[in-house]
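A structural walkthrough
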Amino acid sequence: ASWGGKLLLDGLIHGSDLCLGGTFIAIFLAIRSSKSAAGLSLQTLITIVGARILHLVSHIIGLHYVPAVMPWALFPLVDCINAFIGVMLLGTFMTQYYSTYEKNKDNFGIHFFEKFELLPKTGFWSEGPVVASLFLYSVVLVVAFAWYTVRRSHDSFLVSYFCCVYEVVCAVALMPQLWMFHKDRRVSQTLALFVLLTA
């Protein structure tokens, strides 16, 4: 490929990372200015922040994209900054805005447990978001294993399965947020931008 094509690919991948960091900052500023986390899916936020942390592992095990033109150091630097901003956003959400979180609406996957009457009436496991998250991550692990059987690579099982888990996590991360949009029938501009730039 030409120098320009390589620079374009480097720029697109770097731009994607910058967009994700920008969405974390936009969400932080939005919940701080409105003093509310209404409409934001904690399941999605945890999943996206978790995916950014998983993404850091790709640098350690040598799976990350190696730029052809742009300086290599930009990529792990931006990935570390993104993970840090994501963790800070999650911490801010949990410590300052959790009381404004609409957990009754953040119930993607809970209907599976309700349909089969698997939810206890009281206690920790009766909480919708906890069980919904359990459902989401169980689906991720199962689908990742199915994806592993199709997407073979020359790497070890653990490295290949790690890649599959990361890919599936990224694929399903926005589902709880989209579910909340569907239930609310309204979408704030900031949350719409969050979904657009994360996708």
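Residues numbered from 1 in each chain as written. Predicted model: local features only at pLDDT ≥ 70, side-chain atom pairs only at ≥ 80, totals over all residues. Heavy atoms only, no water.

**Quick look at the packing of helix H2 (residues 42-60) against helix H6 (residues 157-172)**
Between H2 and H6, whose axes approach to 10 Å, the crossing angle comes to 150°. Classified by the angle their axes make, H2 and H6 are roughly antiparallel. Relative to H6, H2 is oriented so that their crossing is left-handed. The residues of H6 that touch H2, namely those facing Thr-47, Ala-51, Arg-52, Leu-54, His-55, Val-57 and Ser-58, are Phe-162, Val-165, Tyr-166, Val-169 and Cys-170. For the contact of H2 with H6, the residue count by class is eight nonpolar, three polar and one charged. (Axes fitted to C-alpha atoms, helices over the stretch in contact; angles between N-to-C directions. Helix = DSSP H or I, 4+ residues; strand = E, 2+ residues; numbered from the N terminus. Parallel < 35°, antiparallel > 145°, perpendicular 65-115°, else oblique. Left-handed = near helix turned anticlockwise from the far one by under 90°. Contact = heavy atoms within 4.5 Å. Nonpolar A, V, L, I, M, F, W, Y, C, P; charged D, E, K, R; others polar.)

**Some remarks on the packing of helix H1 (residues 3-34) against helix H8 (residues 189-198)**
For the pair H1 and H8, interaxial distance at closest approach is 9 Å and the crossing angle is 165°. Accordingly, the angle class assigned to the pair H1 and H8 is roughly antiparallel. The way H1 lies across H8 gives a crossing that is left-handed. Together, Cys-19, Leu-20, Thr-23, Ala-26, Ile-27 and Ala-30 of H1 and Thr-190, Leu-191, Leu-193, Phe-194, Leu-197 and Thr-198 of H8 make up the contact between the two elements. A class-by-class count of the residues in the contact of H1 with H8 yields nine nonpolar, three polar and no charged.

**Considerations on the nonpolar core**
Membership of the largest hydrophobic core comes to 21 residues, with the highest contact counts inside it found for Leu-40, Leu-45, Ile-48, Phe-93 and Phe-194. Put simply, the parts of the chain that give this core at least two residues each are H1, H2, helix H3 (74-97) and H8. Residues in contact with Phe-194, not counting those within four places in the same chain, are Thr-23, Ile-27, Leu-40, Thr-44, Ile-48 and Gln-177. Membership of the second largest hydrophobic core comes to 13 residues, among which are Phe-108, Leu-136, Tyr-148 and Val-172. (Core = buried A, V, L, I, M, F, W, Y, C linked by side-chain atoms within 4.5 Å. Buried < 20%, exposed > 50% of the residue type's maximum accessible area, 1.4 Å probe, protein only.)

**Section: the pattern of salt bridges**
Taken as a whole, this structure holds four salt bridges when the rule is applied. Here Asp-79 ties to Arg-52 by a salt bridge, and the two come within 3.2 Å at their closest N and O atoms. Of this pair, Asp-79 sits in helix H3 while Arg-52 sits in helix H2, and the two are 27 residues apart along the sequence. Residues Asp-79 and Arg-52 agree in their burial class; the two are buried. Between Glu-167 and Arg-151 there is a salt bridge, with the nearest N and O atoms lying 3.1 Å from each other. Of this pair, Glu-167 sits in helix H6 while Arg-151 sits in the loop between helix H5 (128-150) and H6; the two residues are 16 residues apart in sequence, bridging distant segments of the chain. Shared partners join several salt bridges into a network, and the residues in it are Asp-17, Arg-52 and Asp-79. (Salt bridge = Lys/Arg side-chain N within 4 Å of Asp/Glu carboxyl O.)

**Some thoughts on the environment of Phe-135**
With respect to the helices and strands, Phe-135 occurs in helix H5. For the pair Phe-135 and His-111, spaced 24 residues apart in sequence, the C-alpha separation works out to 10.0 Å. In this structure Phe-135 touches Gly-109, Phe-112 and Phe-113, once residues within four positions along its chain are discounted.

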